[in-house]
Amino acid sequence: MIKHHSNHVQMKKILSFQIVILAIGLQVFSIACTQQEVVQGPGTVTKKVFGKLPDSSVADIYTLINHSGITLKVTNYGGRITSLIVPDKNGKSDDIVLGFDSLSGYLAANPYFGAIVGRYGNRIAKGKFEIDGNKYTLAQNNGVNQLHGGIKGFDKVIWKAEDFKSEKSVGVKLSYLSHDGEEGYPGNLSAVVSYTLTDDNQLIFDYSATSDKATPINLTQHSYFNLAGKGDNKSHDVMISASKYTVVDSTLIPTGELRDVKGTPFDFTVAKPIGKDLVATGGNPIGYDHNYVLDTKGIKDLAVRVVEPLSGRIMEVYTDQPGVQFYTGNFLDGTITGKYGIVYNQHSGFCFETQHFPDSPNQPTFPSTILKPGETYHTTTIYKFSAK
Ligand code: GLA
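To keep things clear, this report deals only with the structure shown in the data block. (Residues numbered from 1 in each chain as written. Predicted model: local features only at pLDDT ≥ 70, side-chain atom pairs only at ≥ 80, totals over all residues. Heavy atoms only, no water.)

Some thoughts on the pairing of strand β9 (residues 134–137)
Pairing of strand β8 (residues 128–131) with β9 involves four bridges; the strand directions are antiparallel. Note that in β9 the partner of Glu130 across the bridge is Lys135. (Pairing = 2+ DSSP bridges. Helix = DSSP H or I, 4+ residues; strand = E, 2+ residues; numbered from the N terminus.)

Structural notes on the site of the ligand
Neighbouring the ligand are 13 residues, the closest being Arg123, His148, His222, Asp289 and Glu353. Here His148 contributes a side-chain N or O atom positioned 2.9 Å from an oxygen atom of the ligand. Contact with the protein chains hides 95% of the accessible area of the ligand, taken as 300 Å² for the molecule alone. More than half of the atoms of the ligand fall within 2 Å of the grid points belonging to the largest pocket. (Near = heavy atom within 4 Å. Polar contact = N/O pair within 3.5 Å; in protein donor to acceptor, adjacent residues only side chain to side chain. Areas by Shrake-Rupley, 256 points an atom, 1.4 Å probe, with all protein chains shown as cover. 1 Å grid on protein atoms, 1.4 Å probe; cavity = no way out; pocket = protein on both sides within 12 Å on 5 of 7 lines; lining within 4 Å. Sits in = over half its atoms within 2 Å of the grid points.)

As for the layout of surface pockets
Summary: where empty space remains is shown by rolling a probe the size of a single water molecule over the atoms. By volume, the largest pocket amounts to about 330 Å³. If you trace the largest pocket, you find 22 residues lining it, with Pro111, Tyr112, Leu147, Tyr327 and Phe331 closest to the centre. Among the residues making up the lining of the largest pocket, the classes are represented as nine nonpolar, eight polar and five charged. Of the volumes computed, that of the second largest pocket is approximately 270 Å³. As for the second largest pocket, its lining consists of 16 residues, of which Leu252, Gly283, Asn284, Pro285 and Asp289 are closest to the centre. Partitioning the lining of the second largest pocket into residue classes produces five nonpolar, nine polar and two charged. (Points joined across faces, edges and corners; volume = space filled by probe spheres on them. Nonpolar A, V, L, I, M, F, W, Y, C, P; charged D, E, K, R; others polar.)

Structural data, given as structure tokens:
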């Protein structure tokens, strides 16, 4: 009996010794894992959980680092770019996009910070259009018009994400199946958007899609930039290779007229600071929120160049799209506080949303945005960064 008891004690000791060893092992393993995350470096893509949506689905965040000092963060919630850290002319790095450091910021109301916009970027008048005699009515979310794909557009859905790497680039491929009837659009649309960050500091957006019914499509990226990392956008020098813009009515729907920029506040054919003619635009709220008709002939031609004089940061835009919406954050009003506690006041950032012209489905003279079954929609836009 006594012997049995002492055996029992012995066994218990061995067992607790084993548990301690196991616990130490687990500890070492988890430290090793954490360290692996910490030591991620150039040429890597790392995935982490970003947070949970109210429906319990999980959003991830991907960190992409190239070999030239740029770090990009992208979440598969709306394909949103949450952070873009870029060196200035002295090698000092700053985050040059507006946004939030947690998912809750993106889940709360915000004006498309960093998002993929679709199924139709920009406005469709009264949320109505007709294809081959079939009339469609979309969700109206901007007065009577539809803006940026509706109430729950591509900026508010979870995209399937897959990271990829090559010798000179890192990237994330995002896919989303938009069902027939979603936000009023016809056809099951399968969309794929990939973000590639190259070692020569290009951020390449490649969009493609197919649909089983004819549908309008106009995908774009809605990142707000501030090349100084803070302050307003007024001292940024901007050049837009466009000699015309689409004139809009008071609800920002094109009248159909393409007007010469020459002699107007809308002329950016020669670089000038955003602030120079900002008030003269006469908009309500003040600022640029206009679609420029690009003079470029394709992706090889420079469409936009922005220079921030103090940091020396330069952003160039190349695109195969016919237009670009130049938006100067006119609706930002100080009610949103973003990363680093920065309050987003009016004109805190600017967007260059490469696109087809607004309301194209209702404007017969504008290039068509209708994707038919059997066709593939494919467009590319590049943002290129440098500093001097
Ligand atoms: C686009 C539109 C603007 C505004 C912003 C989001 O740039 O053209 O009018 O709606 O998106 O606030």
